[in-house]
Amino acid sequence: ATPTKAPTAEAEGDAKARGWQMDYNNYPTSGMGAVVDGVDLDAGADVSNWLQFDLHPKLLRALQDLGFTDPTPIQNECLNPAIKGRCDVIGAAETGSGKTLAFGLPILHRILAQRDEEADESESESEDAEPIER
């Protein structure tokens, strides 16, 4: 497999006038103990290519455990609109292209995120509750 080159971020404003830019290829995370949302990027499969989708940490860990390092083309096209834009997505691709994961990850992400929100609300409600005196 040929390594993919990370993007170079364009500078803006004053930094652009000075000719600055950030070349992500010069700053590898491997071996640095990089942890993103509780996922150790040095343990197991490299899931850094999945970070762009802002998936729930449990899904990132599952992808890492399963060894999924790179999203397929259908996943690249579907995940951002489905997760970030909460859009309905229709996609057609050949068998084995990753369609099931492309459509399943946004569903699982939403369920896990909603469960986390409900747990946070429940926790804050219990903190706000006044103690009952007997």
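Small disclaimer: the values here were computed from a predicted structure and weren't measured.

Caption draft 1: Inspection of helix H3 (residues 73-83) at higher detail. Restricting attention to buried positions, one finds in H3 the residues Ile74, Gln75, Cys78, Leu79, Ala82 and Ile83. The buried residues of H3 all sit within an arc of 105 degrees when viewed along its axis, so they share a single face. Residues of H3 that are exposed and point more than 90 degrees away from the buried face comprise Pro73 and Glu77.

Caption draft 2: Broad picture of the nonpolar core. Core analysis: the biggest nonpolar cluster contains twelve residues, these being Val39, Val47, Trp50, Phe53, Leu55, Leu59, Leu60, Leu63, Leu79, Ile83, Leu105 and Leu112. Those elements giving two or more residues to this core turn out to be helix H2 (57-66), H3 and helix H4 (99-128). In contact with Trp50, other than residues within four places in its own chain, are Leu55, Leu60, Leu63, Phe68, Thr69, Asp70, Pro71, Gln75, Leu79, Leu101 and Leu105.

Caption draft 3: Broad picture of the confidence of the model for the protein. In this model, the protein carries a mean pLDDT of 79, and residues with pLDDT of at least 70 account for 66%. Every residue in residues 24-32 is under pLDDT 50, and counting partners more than four places away or in other chains gives twelve contacts.

Caption draft 4: Geometry of a nonpolar patch on the surface. Residues Ile107, Leu108 and Ile111 make up a contiguous nonpolar surface patch of roughly 290 Å² in combined accessible area. Its location among the elements puts Leu108 in helix H4. The class of Leu108 is partly exposed, set by a relative accessible area of 42%.

Caption draft 5: Representation of the side chain of Gln75 within the structure. With respect to the element layout, Gln75 can be found in helix H3. In this structure Gln75 touches Trp50, Phe53, Asp70, Gly98, Leu101 and Ala102, once residues within four positions along its chain are discounted.

Criteria and thresholds
- Residues numbered from 1 in each chain as written.
- Predicted model: local features only at pLDDT ≥ 70, side-chain atom pairs only at ≥ 80, totals over all residues.
- Heavy atoms only, no water.
- Buried < 20%, exposed > 50% of the residue type's maximum accessible area, 1.4 Å probe, protein only.
- Helix = DSSP H or I, 4+ residues; strand = E, 2+ residues; numbered from the N terminus.
- Arc of directions from axis to C-beta.
- Core = buried A, V, L, I, M, F, W, Y, C linked by side-chain atoms within 4.5 Å.
- Contact = heavy atoms within 4.5 Å.
- pLDDT = per-residue confidence, 0-100.
- Patch = residues over 30% accessible without salt bridge, like charges linked within 9 Å, V, L, I, M, F, W, Y side chains within 5 Å.
- Areas by Shrake-Rupley, 256 points an atom, 1.4 Å probe, with all protein chains shown as cover.
- Salt bridge = Lys/Arg side-chain N within 4 Å of Asp/Glu carboxyl O.

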